[in-house]
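Survey of secondary and tertiary structure
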Amino acid sequence: MAIRKIATIGHPVLRQVARDLGRDELLSPTWQSFIDDLVETMHDANGAGLAANQIHEPVRICAVHVKDNPRYPYKPNIPLTILVNPVVEPLPGVETFLNYEGCLSVPNLRGEVPRAARVRVRAWDREGRDLDFVAAGLSAGTYQHEVDHLLGTLFVDRVTDTRSLCTWQDFERYHQAAFVARARAIVATYGA
Ligand code: ZN
């Protein structure tokens, strides 16, 4: 296992549309050990998620894991989940909420992004078995953020009010309290 370098905004790999992986390819030692590296790199950087193209491999794999995350202390926990060839769809008629997001590939910047409050997530797990589940609230935002990466989209592309952009320090100083209160309300309404 190895910690890999994380691409930052401006690197073309973040703008590439990642390619699907076949089941046989996924099960090969190359991609299985790549997934180990993806998880190790995400944990090392305290990320809530990490997409393969963020570590310079434009294939449709991402990892999500939230466990008492120090970067996002208000996020509900999500068990370690590997998504291969994921598709995320808003549930019909679902509302959106404003999620204050950050990204390991966009150092020291956060901003408000409208996200669907409930999404259906379909993918394979790392063994190629089907996953199909519904995610809600802040967790739904996390899945949408990661799957966006695989489409070459960064959260800054989706910020509708650029006046919400702020450094991490100023987020903590000026915006975190209001967002955490809103986040609690989002979780109460939609679930995790
Ligand atoms: Zn990101």
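Use the structure listed above.
Residues numbered from 1 in each chain as written. Predicted model: local features only at pLDDT ≥ 70, side-chain atom pairs only at ≥ 80, totals over all residues. Heavy atoms only, no water.

1. Considering the pairing of strand β3 (residues 78-90)
Two faces belong to every sheet, and in a regular strand the side chains alternate between them. With five bridges joining them, strand β2 (residues 61-66) and β3 adopt antiparallel strand pairing. Each residue of the ladder has a partner; that of Cys62, found in β3, is Leu83. For β3 and strand β6 (residues 118-124), the ladder comprises five bridges, and the chain directions are antiparallel. Considered in β6, the bridge of Val84 is made with Trp124. (Pairing = 2+ DSSP bridges. Helix = DSSP H or I, 4+ residues; strand = E, 2+ residues; numbered from the N terminus.)

2. Digging into unusual backbone geometry
Its identity is not glycine, yet Asp68 carries a phi of approximately 45°, on the positive side. Its location among the elements puts Asp68 in the loop between β2 and β3. Taking the relative accessible area as the measure of exposure, Asp68 reaches 57% and is therefore exposed. One non-glycine residue, Asn108, lies in positive phi territory at about 55°. (Buried < 20%, exposed > 50% of the residue type's maximum accessible area, 1.4 Å probe, protein only.)

3. Some remarks on helix α2 (residues 29-44)
Taking 1.5 Å per residue, 16 residues should reach 22 Å; α2 reaches 22 Å between its end C-alpha atoms and fits that length. Within the span of α2, buried status applies to Trp31, Gln32, Phe34, Ile35, Asp37, Leu38, Val39, Thr41 and Met42. The elements touched by buried residues of α2 are α1 (23-26), β1 (49-51), β2 and β3. Residue Asn46 follows α2 closely and has a positive phi angle near 60°. (Expected span 1.5 Å × (residues − 1). Contact = heavy atoms within 4.5 Å.)

4. Here's the deal with the coordination of the zinc ion
Around the zinc ion, the protein supplies Cys103 (SG), His145 (NE2) and His149 (NE2) as donor atoms, at distances of 2.1 to 2.3 Å. Sequence positions of the donors to the zinc ion reduce to the motif C-x41-H-x3-H. Remark: His145 occurs in helix α3 (residues 137-150) and Cys103 occurs in strand β4 (residues 96-103); sequence separation between them is 42 residues. Each of the two residues, Cys103 as well as His145, counts as buried. (Donors = N, O, S within 2.8 Å, 3.2 Å for Na, K, Ca; no water.)

5. Thoughts on the pattern of salt bridges
Two side chains of opposite charge can pair, provided their charged atoms sit close to one another. In this structure the tally under the stated criterion is 16 salt bridges. The partner of Arg19 in a salt bridge is Glu25, and the shortest N-O contact between them spans 2.8 Å. The partner of Asp125 in a salt bridge is Arg129, and the shortest N-O contact between them spans 2.8 Å. (Salt bridge = Lys/Arg side-chain N within 4 Å of Asp/Glu carboxyl O.)

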